[in-house]
Amino acid sequence: MTLSVAAERTTITTHFIDGRWTDVGGPTFPVFNPLDGEIVSESAAGGAIEAKAAVAAAAAAFPAWANLAPGARQMLFLKAADIVERRTEELVELMAVEGGASRAFSAFQIRLSAAMLRQAAGWGYLPAGDILRSDVPGRTATVTRKPLGVVAGFTPWNGAFYLAWRTFLLPMAFGNTTVIKPSELAPRSAGLVHAEILEEAGFPAGTFNVITHAPGAAAEIAEVFFESPAVRCINFTGSDKTARILGAQAGRALKRMVLELGGFNPVIILDDADLEESIRAVTFGAFLHQGQVCMNSRKVYVHSSLHDDFVSGLTARVEGLKIGDPRDPGVIIGPLIDDRAVEQIQVRVQDALDRGATLVTGGRANGRLYPPTILTHVPADAICATGADETFGPLLVIEAFDDAEAAFRASQNTPFGLSASIMTRDRARGLDLAARFDTGIIHINAPTMASEAALPVGGVKDSGWGRSGYYAIEDFTEVRLTTLSSEPGRYPF
Ligand code: NAD
């Protein structure tokens, strides 16, 4: 729930626990518009007490939710999808002021979210298991998929609206109940607004809970999640750095984790690629949401016969992207999330230039606004080119190649393995090369950033594990074996 305090025109948000908006009047923390630092809202500053209450509510709601008839669950998901679409204008505004998202990016997230809700609505009707043959005479073996229990989710600030749906609805569609801890940078678009929508749709109390916290208090909440026996899985979307901290805790608590982390996401443009299509795909893939999406392209390897035309065509295209306040519907490039994000790009561009790289376009911040930036002739040891770390912003490295095999091998020299693209007119060549990529996702003739609600998105190596879409059944259910013996057993003693 949001309360508008008229005198200050400030919105105060509260936790959502056990079907109730709680804690109005408790401590709060400000949430800022990344563009100008204006306070967008005051959010409830929760901690261990709220986390425990939320876990208890989710645990109490679990048995009834797990056993709800598929038709009843379906109606709730379908209703939530309708509400998402009805609230489009308001959601676009929210994503702009909390996360700096352009209208194009918000509309993309809203479409994906509604589609995912509608797809998940039908999953309750899919087969619940298998009957297996047994070697033991008179024995039948049944394998059923069971929900885990409470799934606790961490959501990031970027792509927050869609990713928070992924965090809520995939576990819930398979019969789990949830507690979400949204990013402190965007608590409404990363979780609270979802609670408003699920509440309006009529989801039972306790099936979803949201607790918010001030900067610095995430660890206290995480500890409750890891220590609660009722929490059977931690569903984390965020950086590999945070995942390493939480993964260590998961090890100690022996808790299952789903990890959706960052990527380095190379594009290989072969000599037979469609140049125009490559330029369009890379513009979108590299610069959607100012390069602050896990699947944004970070490095393009382009055949030397196309290199110069590709660089000049791409430069012309990205220089035409309007930069500014994302509430302006014409703006494609909004602000970076905070000063640290601006500094990261500035440091990495300077590092590359100091090592002899060529700046083709961009490279200069205007407050939090940072233009699409292209570097060529970047030495392999420059921070932005090594592939060892994700540069989370509008910075793209372009490298020419003559030997496609060498370019491919270089593209694999990264600890990440989320997404990649190949551009080629030769489908067989594309498929052969694609088969060798060590990534969770490989697109041929499409950007690295090509999400669809039904398709399983997820990474390998340091990009994490777990998949979205229906494949999430592997992450959010347990296989239960039941046998029935109808003849006396034969035992060795
Ligand atoms: P982040 O890791 O800083 O934060 C993610 C979540 O973890 C937030 O809810 C945050 O509050 C929480 N958190 C941070 N430190 C914590 C701690 N010590 N203990 C407990 N919780 C803690 O990531 P971010 O900056 O919000 O998001 C950007 C990152 O997420 C990028 O690396 C991006 O690539 C990745 N990402 C991946 C996917 C994917 O699907 N693979 C999607 C979106 C973002």
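Coordinates for the structure precede this section.
Residues numbered from 1 in each chain as written. Predicted model: local features only at pLDDT ≥ 70, side-chain atom pairs only at ≥ 80, totals over all residues. Heavy atoms only, no water.

(A) Spotlight on the site of the ligand. In the vicinity of the ligand there are 27 residues, among which Glu184, Ser239, Thr242, Leu261 and Glu390 approach most closely. At 2.7 Å from an oxygen atom of the ligand is found a side-chain nitrogen or oxygen belonging to glutamate 184. Here an oxygen atom of the ligand and a side-chain polar atom of glutamate 390 are 2.5 Å apart. Coverage of the ligand by the protein chains reaches 87% of its 840 Å² of free accessible surface. Elements that contribute at least two residues to the shell around the ligand include exactly α5 (160-173), α7 (218-227), β12 (231-237) and α8 (240-253). By residue number, the principal contributor to the shell around the ligand is α7, which donates three residues. Class assignment for the residues of the shell around the ligand results in 13 nonpolar, nine polar and five charged. (Near = heavy atom within 4 Å. Polar contact = N/O pair within 3.5 Å; in protein donor to acceptor, adjacent residues only side chain to side chain. Areas by Shrake-Rupley, 256 points an atom, 1.4 Å probe, with all protein chains shown as cover. Helix = DSSP H or I, 4+ residues; strand = E, 2+ residues; numbered from the N terminus. Nonpolar A, V, L, I, M, F, W, Y, C, P; charged D, E, K, R; others polar.)

(B) Representation of the sheet that holds strand β15 (residues 299-303) in the model. Read across the sheet, seven strands follow the order β16-β17-β18-β15-β14-β20-β21 without closing on themselves; strand pairing throughout is mixed. With partners counted over all chains shown, the strands left at the sheet margins are β16 (358-361) and β21 (443-444), one partner each. Looking at chain direction, β15 and strand β18 (residues 395-401) are connected through five bridges and run parallel. Considered in β18, the bridge of lysine 299 is made with valine 397. (Pairing = 2+ DSSP bridges.)

(C) View of the packing of α5 against helix α6 (residues 188-201). Put simply, α5 and α6 touch, their axes get as near as 8 Å, and they point 60° apart. For the crossing formed where α5 meets α6, the hand is right-handed. Every residue of α6 that contacts α5 at Ala160, Phe161, Ala164, Trp165 and Phe168 is listed here: Ser189, Ala190, Gly191, Val193, His194, Ile197 and Leu198. Split by residue class, the contact of α5 with α6 holds nine nonpolar, three polar and no charged. (Axes fitted to C-alpha atoms, helices over the stretch in contact; angles between N-to-C directions. Left-handed = near helix turned anticlockwise from the far one by under 90°. Contact = heavy atoms within 4.5 Å.)

(D) Spatial organisation of the packing of helix α2 (residues 70-86) against α6. At their nearest, the axes of α2 and α6 sit 9 Å apart, and the two run at 125° to each other. The pairing of α2 with α6 is recorded here as oblique in orientation. Crossing geometry of α2 relative to α6 is assigned as right-handed. Together, Leu76, Lys79, Ala80, Ile83, Val84 and Arg86 of α2 and Ile197, Leu198, Glu200 and Ala201 of α6 make up the contact between the two elements. (Parallel < 35°, antiparallel > 145°, perpendicular 65-115°, else oblique.)

(E) Inspection of the sheet that holds strand β8 (residues 139-147) at higher detail. The strand order across the open sheet built from three strands is β7-β8-β24, with neighbouring strands paired in antiparallel fashion. Sheet topology places β7 (129-132) and β24 (477-485) at the edges, where each strand pairs with a single neighbour. The mean inter-strand angle of the sheet, taken between neighbouring strand axes irrespective of direction, is 20°. Examined bridge by bridge, β7 and β8 share four bridges and lie antiparallel to one another. Across the sheet, leucine 132 pairs through a bridge with alanine 141, a residue of β8.

(F) Structural detail: the side chain of threonine 177. Mapped onto the elements, threonine 177 comes out in strand β10 (residues 177-181). Within the structure, the side chain of threonine 177 is placed 2.8 Å from the backbone oxygen of alanine 58, a separation counted as a polar contact.

(G) Seen up close, the environment of aspartate 130. Summarising the element assignment, aspartate 130 is placed in strand β7. A residue is classified by how much of its surface remains accessible, and aspartate 130, at 46% relative accessible area, is partly exposed. Residues aspartate 130 and valine 143, 13 residues apart in the sequence, show an inter-C-alpha distance of 5.1 Å. Not counting the four nearest positions on each side in its chain, aspartate 130 is found in contact with Ala141, Thr142 and Val143. (Buried < 20%, exposed > 50% of the residue type's maximum accessible area, 1.4 Å probe, protein only.)

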